[in-house]
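# Survey of secondary and tertiary structure
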Amino acid sequence: MGRLDDRVAIVTGGGRGIGQATSLRLASDGAAIVVNDIDDAPANETVKLISEAGGRAIACVANTVDLAEAERLTKAAVDEFGKLDILVNNAGTTRDKMFHGLDDATFDFVLDANLRTGFHSTLAAMPYMREAAKAEMAAAGAPAYNRKIVFTSSVAALMGNRGQFNYSAAKGAIISVVRTLAMELGPFSINVNAVAPGFVETRLTAAKEADSVHGIPEEMRQMAKMMISLGRLGQPADIAAVTSFLVSTDSDFVSGVTIPVAGGQLGAM
Ligand SMILES: NC(=O)c1ccc[n+]([C@@H]2O[C@H](COP(=O)([O-])OP(=O)(O)OC[C@H]3O[C@@H](n4cnc5c(N)ncnc54)[C@H](O)[C@@H]3O)[C@@H](O)[C@H]2O)c1
């Protein structure tokens, strides 16, 4: 028995890093997973890992910056598994630039990738999550169980971060929209929360290579470690464990909050 038996979940950006670890964790908790990513090879790899471990998953390649793509994603979950209970808005990325050199295209790209993706995926989930709860309320007086939405913020929003005006704008907005959505969706027993990862080892935080759009300078990696009270960098599974809690019945009375998962990083509390 897993704590997510019979639940159906979408994880956006599930092909790599934190999204992959979250897909694997929720699958091992018993949920059927729709692994979304813009890149098909990583999405299929996550599905393969879940299947090999005995779980249920399908891939859905979609860029949810586009609402029609987000609608295709949520429909895929319902077509394949019959319903949608859990949405993990994990997709996101960085394009770091010091503020004085920031241009509109880079600002818009990061706002789209980190904020509009979650906006559209959540909007596209409403017919299946809010309407399903509403139908249960009409039939039985209350939703049958709590449905769950988890967004992904960042300590960059809580503390600020050099070179991340665009990213901290998007991740800060997530803290606010989670509060607003929790108010609107609470009456339908839909919990809305966020995780705010600290420094987690993925391609976003790998040592920057000259030709890569991802990654950060090695000195920043060393500095990050010194700021983490628990004395180690975060791993994707550390974030997945907290998301697992936030989508389980154990958190049925938790809504509207952003939980820092940052190893006690100074300033992120
Ligand atoms: N790694 C960290 O230290 C850290 C810290 C704070 C927050 N985060 C956040 O955690 C989330 C996951 O980051 P990660 O470190 O695992 O990065 P990652 O680059 O390893 O994985 C992100 C995945 O999202 C996918 N993706 C990007 N844009 C997408 C879109 N528009 N539609 C669908 N998929 C898309 C990518 O293809 C990739 O597979 C992001 O929202 C990121 O901002 C990461």
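Before going into details, it helps to say that this report is about the structure given with it. (Residues numbered from 1 in each chain as written. Predicted model: local features only at pLDDT ≥ 70, side-chain atom pairs only at ≥ 80, totals over all residues.)

### A word on the overall build of the protein
Worth spelling out the cut-off: Here a strand is any run of E in DSSP of at least two residues, a helix any run of H or I of at least four, and the numbering for each starts at the N terminus. The reference for a compact globule is 2.2 Å times residues^0.38; the radius of gyration itself is calculated from the C-alpha atoms. Residues with at least 20 neighbouring C-beta atoms inside 10 Å of their own are called buried, those with 12 or fewer are called exposed, and the rest are partly exposed, where every C-beta is derived from the backbone. Whether two residues are in contact depends on their C-beta atoms, placed from the backbone: they are in contact if these lie within 7 Å.
For the protein, the count of helices and strands is 8 helices and 7 strands. Scaling as 2.2 N^0.38, a compact globule of 269 residues should have a C-alpha radius of gyration of about 18 Å, and the protein matches this with 18 Å. Projected onto the principal axes, the alpha-carbon positions of the protein cover approximately 55 × 40 × 35 Å. Burial status across the protein gives 47% buried among its 269 residues. Contacts spanning at least 24 positions in sequence make up 72% of the contacts within the protein whose residues lie at least 6 apart.

### Notes on helix 1 (residues 17–28)
We apply this condition: Here the expected length of a helix is defined as 1.5 Å per residue gap, with one fewer gap than residues.
In this model helix 1 runs 17 Å from its N-terminal to its C-terminal C-alpha over 12 residues, within 8% of the 16 Å that 1.5 Å per residue would give. Summarising burial for helix 1: 11 of the 12 residues are buried, a large majority. Among the residues of helix 1, Gly17, Ile18, Gly19, Gln20, Ala21, Thr22, Ser23, Leu24, Arg25, Leu26 and Ala27 are the ones counted as buried. Phi turns positive, to about 115 degrees, at glycine 30, one or two residues after helix 1.

### Here's the deal with unusual backbone geometry
Phi angles above zero are rare outside glycine, and aspartate 6 is one such case at about 75 degrees. Here aspartate 6 lies in the segment before strand 1 (8–11). One non-glycine residue, serine 189, lies in the positive phi region at around 55 degrees. With 19 C-beta atoms packed within 10 Å, serine 189 lands in the partly exposed category.

### Let's talk about the site of the ligand
Filter applied, for reference: Residues are counted as near a molecule or strand when the C-beta atom, derived from backbone positions, lies within 6 Å of that molecule or strand. Residue polarity follows a fixed list, in which Ala, Val, Leu, Ile, Met, Phe, Trp, Tyr, Cys and Pro are nonpolar, Asp, Glu, Lys and Arg are charged, and the others, Gly among them, are polar.
The full set close to the ligand counts 31 residues, and Gly13, Arg16, Gly17, Gly92 and Thr202 are the nearest of them. Its residues assigned to classes, the shell around the ligand shows 10 nonpolar, 17 polar and 4 charged.

### Describing the packing of helix 1 against helix 8 (residues 236–246)
The criterion, for reference: Only C-alpha atoms enter the line fits that serve as axes; for helices the fit covers just the stretch in contact. Angles between N-to-C directions range over 0 to 180 degrees. Working rule for angles: under 35 degrees goes down as roughly parallel, over 145 as roughly antiparallel, 65 to 115 as roughly perpendicular, anything else as oblique. Handedness of each helix crossing follows the sense of rotation of the near helix against the far helix: counterclockwise by less than a right angle gives left-handed, clockwise gives right-handed.
Running from N to C, helix 1 and helix 8 cross one another at 50 degrees; their axes reach a closest spacing of 8 Å. Classified by the angle their axes make, helix 1 and helix 8 are oblique. Handedness of the helix 1/helix 8 crossing: right-handed. On helix 8, the residues that touch Gly17, Ile18, Gln20, Ala21, Thr22, Arg25 and Leu26 of helix 1 are Pro236, Ala237, Ile239, Ala240, Ala241, Thr243 and Ser244. Residues belonging to the contact of helix 1 with helix 8 are distributed by class as follows: 8 nonpolar, 5 polar and 1 charged.

### Considering the pairing of strand 1
Applicable threshold: DSSP calls a pair of strands paired once it identifies at least 2 bridges connecting them. Orient the strands so they point away from the viewer, and a crossover whose first-strand-to-second-strand path over the helix runs clockwise is right-handed.
Here strand 1 shows a buried face lined by Val8 and Ile10 and a second buried face lined by Ala9 and Val11. Strand direction decides the pairing type here: strand 1 and strand 2 (residues 32–37), joined by 4 bridges, are parallel. Within strand 2, the residue paired with valine 11 across the bridge is valine 35. The β-α-β motif built from strand 1, the intervening helix 1 and the parallel element strand 2 has right-handed crossover chirality. Here 3 bridges tie strand 1 to strand 4 (residues 86–89), and the two strands are oriented parallel to one another. Bridge pairing in strand 4 places alanine 9 opposite isoleucine 86.

### Concerning the environment of isoleucine 18
Structurally, isoleucine 18 is set in helix 1. On the basis of neighbour count, isoleucine 18 is assigned to the buried category, with 29 C-beta atoms found within 10 Å. A sequence separation of 53 residues divides isoleucine 18 from glutamate 71, and the C-alpha atoms of the two residues are 23 Å apart. The contacts of isoleucine 18, once residues within four sequence positions are left out, are Asn90, Pro197, Val200, Thr202, Pro236, Ile239 and Ala240.

### Side note on the environment of lysine 225
Here lysine 225 is to be found in helix 7 (residues 218–227). Each C-alpha atom of the pair lysine 225 and phenylalanine 199 lies 8.1 Å from the other, and the pair is 26 residues apart in sequence.

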